[in-house]
Amino acid sequence: MKYRPEIDGLRAIAVIIVILFHAGFKSFSGGFVGVDVFFVISGYLITTIIVIEKERGDFSFICFYERRIRRIFPPLFLVLFVSLVSAWFWLLPSEMKDFSQSLTAVSYFSSNIFFRRTSGYWDISNELKPLIHTWSLSVEEQFYLFFPLFITLLGKYHKKWLWFSITTIFTVSLLYAHWGAYNNPTPTFYLLPARIWELLIGAGIALYFLHQKNTLQSIFSNNLLNELLSLCGLFMIAFAVYAFDEETPFPSFYALIPTIGTGLIISFSATQTIVGRMLSSKPLVSIGLISYSAYLWHQPLFAFARYLSIIKLSEGIFILLILLTLLIAYISWRYIENPFRSKNRFSKKFIFTFALTGSLAFAIVGLIGKQNNGFTDRFTNEQKNILAFAQYDRKDMFREGICFLTVEQKSKDFKRVCSYLGSDENSFFIWGDSHAAALSYGLREISPAVTQITASGCPPLIGYTSTRRPYCEEINEFALKRIKKLKPKYLLLHANWSEPLDKIEPSLEEVLSTTLLRIKENSPETEIIIIGGVPKWKPTLPNILVRFKIQLADEAFIYSNSYDEIQDTDNTLNIFAKENEVKFISLLD
């Protein structure tokens, strides 16, 4: 296979935008599409290698998987080992237990399935998971398990059967991805069935290159067309990086923009084009060569740095961490990746034994960590007591799935117990998101006359929509109907106000005005109380107290990055409340 330096340059672009996205740079809000770029590249390269070797008659499944192991396992095992040692010293029991489970999952390339079960990709806690990024490796490895066999079996028949099969799988996968991005976003994001179409774009390009050489020769002779299409491809990736964010349904039809863009660059960015020369430049090719190691190292570095800082890390710190990532990636590439690719240094038998033994060892360590609840014996009894506060049964206290709906639930899932149907004069109605659900437990301890209509990620705002929370609008309309029927004495509006503030159009105040108007139309005598925001710590306040060995004392004050943001939002809400003659309660006060 002829070496194409522009492919390494494209790899560099992909890893850079992923790293900047995970670092939290707002201009790279769509940097997650770098993974999709990698998928297309992988599909292209793997298919090219398989088909060329089959046409030469020297393709071997054992040799194919040997190459995969030589490239993927050595740097991955090093990252897992360093992450494990770091986790032992720095992670608390619950964090260590989660890490241990992910360690086992990574060992057998099923981390995408594990993270699909334990969290959504956009959960804020994910930035503290050292191995969250390995989900994409699992997708690729699962693809590699069946694709060589797929090509081999269909390659025995007419090429039209191969094209028909790839086109059919591509279409079904893409349609499922689009449907799932709106209706079942978490598994859709993580799992292979919704991602295989991206790999097949690269595979399709490779097959076309290899089977339609005469046509391609005429295409590449048109320099103007090459220039325009390769520039168009680069623009499509850049557009996705800048315009996409967590509200973009993904991997839906939107994902066609960066993936087709990648396909255009692979197909038309010959080295003589502007894009080809740029991607073939020495700096980008150098980063492209170490892109796999850089991808592996960046997330553990970011996660542990976040663990070791009470305050939010600045962009300057992240720039230093990115430079450190590239340095470690170079060392890893030079002294781990390259040596293990040499058959003279490491035999085939050693490579397979190394992969099996290493996978088994990490899996066993992970299982032990899970069974021991994150090795709790590392901590004193006092520390364990503090950490117990972070382990309360939120699901039961919030009445999750019953009166506090999850992302997948609709208003019909609210149970009868959520509504107080009695005649108490001081009845309460709690409406909002998880923050509102947190209020319900204490309020129910005080009074039985409590109605709770709460849903994950859904602030009590009429007309509020979110692609990540598709049923918010319908749930909020249901809340209004409940208010009209029950006519509670007090209505408590509470939410993570600072989180959706910049996403609400035209403004929080205007949407709140509409909401208050609708409430008063439905229940004029109800007293409306807006509850201000509460501070947040990452991952929790008890964890910070133990990690930094802070003693509990009356004068203790643990700064939260959210204070200033919440205070600003509270000021806005307080002014709004006075103007609209409703009550505002500051929880910060």
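Just so we're clear, the structure is a prediction, and the values are computed from it rather than from any experiment. (Residues numbered from 1 in each chain as written. Predicted model: local features only at pLDDT ≥ 70, side-chain atom pairs only at ≥ 80, totals over all residues. Heavy atoms only, no water.)

1. Focus: the overall build of the chain
Broken down by element type, the chain carries 24 helices and six strands. A compact globule built from 589 residues should have a C-alpha radius of gyration of about 25 Å, and the chain, at 27 Å, falls within 12% of that. C-alpha atoms of the chain, sized along the principal axes, occupy 85 × 55 × 40 Å. Out of the 589 residues belonging to the chain, those deemed buried represent 54%. Once local pairs closer than 6 in sequence are excluded, the contacts in the chain between residues at least 24 apart make up 76%. (Helix = DSSP H or I, 4+ residues; strand = E, 2+ residues; numbered from the N terminus. Rg over C-alpha atoms; globule rule 2.2 N^0.38 Å. Buried < 20%, exposed > 50% of the residue type's maximum accessible area, 1.4 Å probe, protein only. Contact = heavy atoms within 4.5 Å.)

2. What to know about the state of the cysteines
Here is the idea: a disulfide is a covalent bond, and it sits between the sulfur atoms of two cysteines. According to the stated counting rule, one finds two disulfides in the structure shown. Between the sulfur atoms of Cys 403 and its disulfide partner Cys 418 the distance amounts to 2.1 Å. As the torsion about the S-S bond is roughly -95°, the Cys 403-Cys 418 disulfide counts as left-handed. Linking Cys 403 in the loop between helix 19 (394-398) and strand 1 (404-405) with Cys 418 in the loop between strand 1 and strand 2 (428-432), this pair joins segments that are 15 residues apart in sequence. Residue classification places Cys 418 among the buried positions, given a relative accessible area of 0%. (Disulfide = S-S within 2.5 Å.)

3. Examining the side chain of Ser 586
Along the chain, the position of Ser 586 falls in the segment after strand 6 (583-585). One polar contact links the side chain of Ser 586 to the main-chain amide nitrogen of Leu 588, over a distance of 3.4 Å. From its side chain, Ser 586 meets the backbone nitrogen of Asp 589 in a polar contact 3.1 Å long. (Polar contact = N/O pair within 3.5 Å; in protein donor to acceptor, adjacent residues only side chain to side chain.)

4. What about the side chain of Asp 570?
Looking at where Asp 570 falls in the secondary structure, it is placed in helix 24 (residues 562-579). Buried within the structure, Asp 570 lacks any salt-bridge partner; its nearest side chain of opposite charge belongs to Lys 536, at an N-O separation of 9.9 Å. Apart from the residues within four sequence positions on either side, Asp 570 is in contact with Gly 532, Gly 533, Phe 584, Ser 586 and Leu 588. (Lys, Arg positive; Asp, Glu negative; His and termini not counted. Salt bridge = Lys/Arg side-chain N within 4 Å of Asp/Glu carboxyl O.)

5. What to know about the packing of helix 2 (residues 33-56) against helix 3 (residues 61-90)
Remark: helix 2 packs on helix 3, axes separated minimally by 12 Å, with the N-to-C direction vectors making an angle of 150°. On the basis of the axis angle, helix 2 is roughly antiparallel to helix 3. Handedness of the crossing formed by helix 2 with helix 3: right-handed. From helix 2, Ile 46, Ile 49, Ile 50 and Glu 53 reach across to helix 3, where they touch Phe 64, Arg 67 and Arg 68. Partitioning the contact of helix 2 with helix 3 into residue classes produces four nonpolar, no polar and three charged. (Axes fitted to C-alpha atoms, helices over the stretch in contact; angles between N-to-C directions. Parallel < 35°, antiparallel > 145°, perpendicular 65-115°, else oblique. Left-handed = near helix turned anticlockwise from the far one by under 90°. Nonpolar A, V, L, I, M, F, W, Y, C, P; charged D, E, K, R; others polar.)

6. Some thoughts on the pairing of strand 3 (residues 450-455)
The element strand 3 is extensively covered by neighbouring structure, given that six of its six residues are classed as buried. Of the two faces of strand 3, the one holding Val 450, Gln 452 and Thr 454 and the one holding Thr 451, Ile 453 and Ala 455 are both buried throughout. Of the strand pairs in this sheet, strand 1 and strand 3 are connected by two bridges, and their pairing is parallel. If you follow Phe 404 over to strand 3, its bridge partner there is Thr 454. Note: strand 2 against strand 3, five bridges, orientation parallel. Bridge pairing links Ile 430 to Gln 452 in strand 3. Taking the sense of rotation as the criterion, the β-α-β connection linking strand 2, helix 20 (residues 434-446) and strand 3 turns out right-handed. (Pairing = 2+ DSSP bridges. Right-handed = clockwise from strand over helix to strand, strands pointing away.)

7. Concerning unusual backbone geometry
Note that the residue after Phe 250, namely Pro 251, is joined by a cis bond; omega there is 5°. Looking at the secondary structure, you find Pro 251 in the loop between helix 11 (223-243) and helix 12 (256-268). With a phi angle near 55°, Asn 373 is a residue other than glycine that sits in the positive phi range. Tracing the backbone shows Asn 373 in the loop between helix 17 (348-371) and helix 18 (381-388). For Asn 373, a relative accessible area of 40% gives the class partly exposed. The residue Phe 375 is not glycine, and still its phi comes out positive at about 55°.

8. Here's the deal with the pairing of strand 5 (residues 527-531)
Counting buried positions along strand 5 gives four out of five residues, so the element sits mostly inside the fold. Bridge analysis of strand 4 (residues 490-494) against strand 5 gives five bridges, and the strand direction is parallel. Residue pairing for strand 5: Leu 493 is matched across the bridge by Ile 530. Bridge count for strand 5 against strand 6 is three bridges, and the pairing is parallel. Bridge pairing in strand 6 links Ile 530 to Phe 584.

9. What about the sheet that holds strand 5?
One open sheet holds the six strands; their spatial order is 1-3-2-4-5-6, and the pairing between them is parallel. The open sheet has two edge strands with one neighbour each: strand 1 and strand 6. Strands in contact with helix 20 are strand 1, strand 2, strand 3, strand 4 and strand 5; relative to strand 3, the strand with the most contacts, it is inclined by about 160°. Strand contacts of helix 24: strand 5 and strand 6, with the helix running at about 160° to strand 6, the strand carrying the most contacts.

10. Here we look at the confidence of the model for the chain
For any part of a model where pLDDT is low, the fine detail of the predicted coordinates should not be relied upon. Averaged over every residue, the pLDDT of the chain is 90; residues scoring 70 or more account for 95%. Residue range residues 214-218 is modelled with pLDDT below 50. Its contacts to residues more than four positions away, or to other chains, number three contacts. (pLDDT = per-residue confidence, 0-100.)

11. Some thoughts on the pattern of salt bridges
Once their charged atoms are close, side chains differing in charge can pair, the charge on each being opposite to the other. Throughout the structure, instances matching the rule amount to 14 salt bridges. For Glu 337, the salt bridge goes to Arg 71, with nearest N and O atoms at 3.6 Å. Of the two residues, Glu 337 sits in helix 16 (residues 315-341) while Arg 71 sits in helix 3, which places them 266 residues apart along the sequence. For Arg 195, the salt bridge is made with Glu 198, and the minimal N-O distance between the two is 3.2 Å. Each member of the salt-bridge network shares a partner with another, and the members are Asp 36, Arg 195 and Glu 198.

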